[in-house]
Amino acid sequence: MSRIEKLKTEILMPDPSGIEKAAIHLANDHLVAFPTETVFGLGANACSNTAVSKIFSVKNRPRLNPLIIHAATKEQAIRLVDFPVDLEKLIDACWPGPLTLVLPQRNDTIISKLAVAGSRNVGIRVPANSVARDLIAKLGSPIAAPSANISGRISPTRAEDVYGQLQGRISSIIGGEQCAIGIESTILGFFRDELILLR
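These numbers were taken from a predicted model, which means no experiment stands behind them. (Residues numbered from 1 in each chain as written. Predicted model: local features only at pLDDT ≥ 70, side-chain atom pairs only at ≥ 80, totals over all residues. Heavy atoms only, no water.)

(A) Looking closely at the overall build of the chain. Helix and strand counts for the chain stand at 6 helices and 10 strands. Whereas a compact globule of 199 residues would reach a radius of gyration of roughly 16 Å, the chain reaches 16 Å, a difference of no more than 12%. Buried positions account for 51% of the 199 residues belonging to the chain. A separation of at least 24 residues holds for 68% of the contacts in the chain among residues at least 6 apart in sequence. Of the roughly 9600 Å² that the chain leaves accessible, carbon and sulfur atoms contribute 51%. The positive charge centre, built from 22 side chains, and the negative charge centre, built from 19, are 8 Å apart in the chain. (Helix = DSSP H or I, 4+ residues; strand = E, 2+ residues; numbered from the N terminus. Rg over C-alpha atoms; globule rule 2.2 N^0.38 Å. Buried < 20%, exposed > 50% of the residue type's maximum accessible area, 1.4 Å probe, protein only. Contact = heavy atoms within 4.5 Å. Areas by Shrake-Rupley, 256 points an atom, 1.4 Å probe, with all protein chains shown as cover. Lys, Arg positive; Asp, Glu negative; His and termini not counted. Charge placed at Lys NZ, Arg CZ, Asp CG, Glu CD.)

In structure tokens:
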């Protein structure tokens, strides 16, 4: 694992002021942990190789393991990937929510190649948690975010659990209520016109 800069990790409120501050951290290529309806995510600007590389270092995560990309809206997600018409009803029923779809990137994609481990496909979702969506919208860019834990440890559902693992490794954590679901999103791939359950 590469050397990790020692940081003072700030706990932010899940209000407009805290979200704005977290978005500034993300815009400056820092990492921010934030709540989703599933577990806390460890977020980086998905368009920045510098920021995304920090996720792998902080989590001690293999770089061949791609990251899920979070969008604020269905419309933002559609600008990043090629959506088959066949999935229209599915995404209307399940987004925002704990469903990740693995789909081909658009040719004009802005997502970091590090985030997708060099693949042409990308796992993308629109989280149901309003704090998560507000953060993505405030940043104005999709966020790459695996669970906010050291690889191999239990995925956190509370801000204090994130702090216990990542304090000093990330710039800030948006606090608030415990995550409602407590397990990671379902992942479906769409290959050769068929949906395949990947997680």
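Having seen the model, we can carry on.
(B) Geometry of the state of the cysteines. Following the criterion strictly, the structure yields 0 disulfides and no others. Free cysteine Cys94: the closest other cysteine sulfur is in Cys179, separated by 19 Å. Residue Cys179 is classed as buried on the basis of its relative accessible area of 6%. (Disulfide = S-S within 2.5 Å.)

(C) Main features of the pattern of salt bridges. As enumerated under the stated definition, the model contains 7 salt bridges in all. A salt bridge links Lys74 to Asp92, with the nearest nitrogen and oxygen atoms 2.9 Å apart. With Lys74 in helix 3 (residues 74-78) and Asp92 in helix 4 (residues 88-94), the pair connects residues that are 18 residues apart, well separated along the chain. One salt bridge connects Arg158 with Glu160, and the closest N-O pair in it is separated by 3.3 Å. Through salt bridges with shared partners, a single network forms among Lys74, Glu88 and Asp92. (Salt bridge = Lys/Arg side-chain N within 4 Å of Asp/Glu carboxyl O.)

(D) Local environment of the nonpolar core. The biggest cluster of nonpolar side chains holds 41 residues, and the ones touching the most others in it are Ile69, Trp95, Leu101 and Ile170. Within the residue set of this core, elements represented by two or more residues are strand 3 (41-45), helix 2 (49-59), strand 5 (99-104), strand 6 (121-125), helix 6 (159-166) and strand 9 (186-191). Ignoring any residue separated from it by four or fewer positions in sequence, one finds Ile170 in contact with Leu7, Lys8, Thr9, Leu31, Ala33, Leu42, Val58 and Val162. In this structure, Leu12, Ala22, Ile136 and Ile143 belong to the second largest nonpolar core, which totals 16 residues. (Core = buried A, V, L, I, M, F, W, Y, C linked by side-chain atoms within 4.5 Å.)

(E) Quick look at the sheet that holds strand 10 (residues 194-197). Taken in spatial order, the 10 strands of this open sheet run 1-8-2-3-7-4-6-5-9-10, and their pairing is mixed. Each of the sheet's edge strands pairs with one partner strand only, and the pair in question is strand 1 (10-12) and strand 10. Contacts between helix 2 and the sheet are confined to strand 3 and strand 7 (143-144), with strand 3 contributing the most and set at about 150° to the helix. Across the sheet, helix 6 touches strand 1, strand 2 (32-34), strand 3 and strand 8 (172-174), and the angle it forms with strand 8 is around 165°. (Pairing = 2+ DSSP bridges. Axes fitted to C-alpha atoms, helices over the stretch in contact; angles between N-to-C directions.)

(F) Quick peek at helix 5 (residues 130-139). Among the residues of helix 5, those classed as buried are Val131, Ala132, Leu135, Ile136 and Leu139. The arc that holds the buried residues of helix 5, viewed along the axis, is 135°, so those residues lie on one side. Two or three places before Val131, at the start of helix 5, stands the capping residue Asn129, its side-chain oxygen 2.8 Å from that residue's backbone nitrogen. One or two positions beyond helix 5, positive phi appears at Gly140, with a value near 80°. (Arc of directions from axis to C-beta. Polar contact = N/O pair within 3.5 Å; in protein donor to acceptor, adjacent residues only side chain to side chain.)

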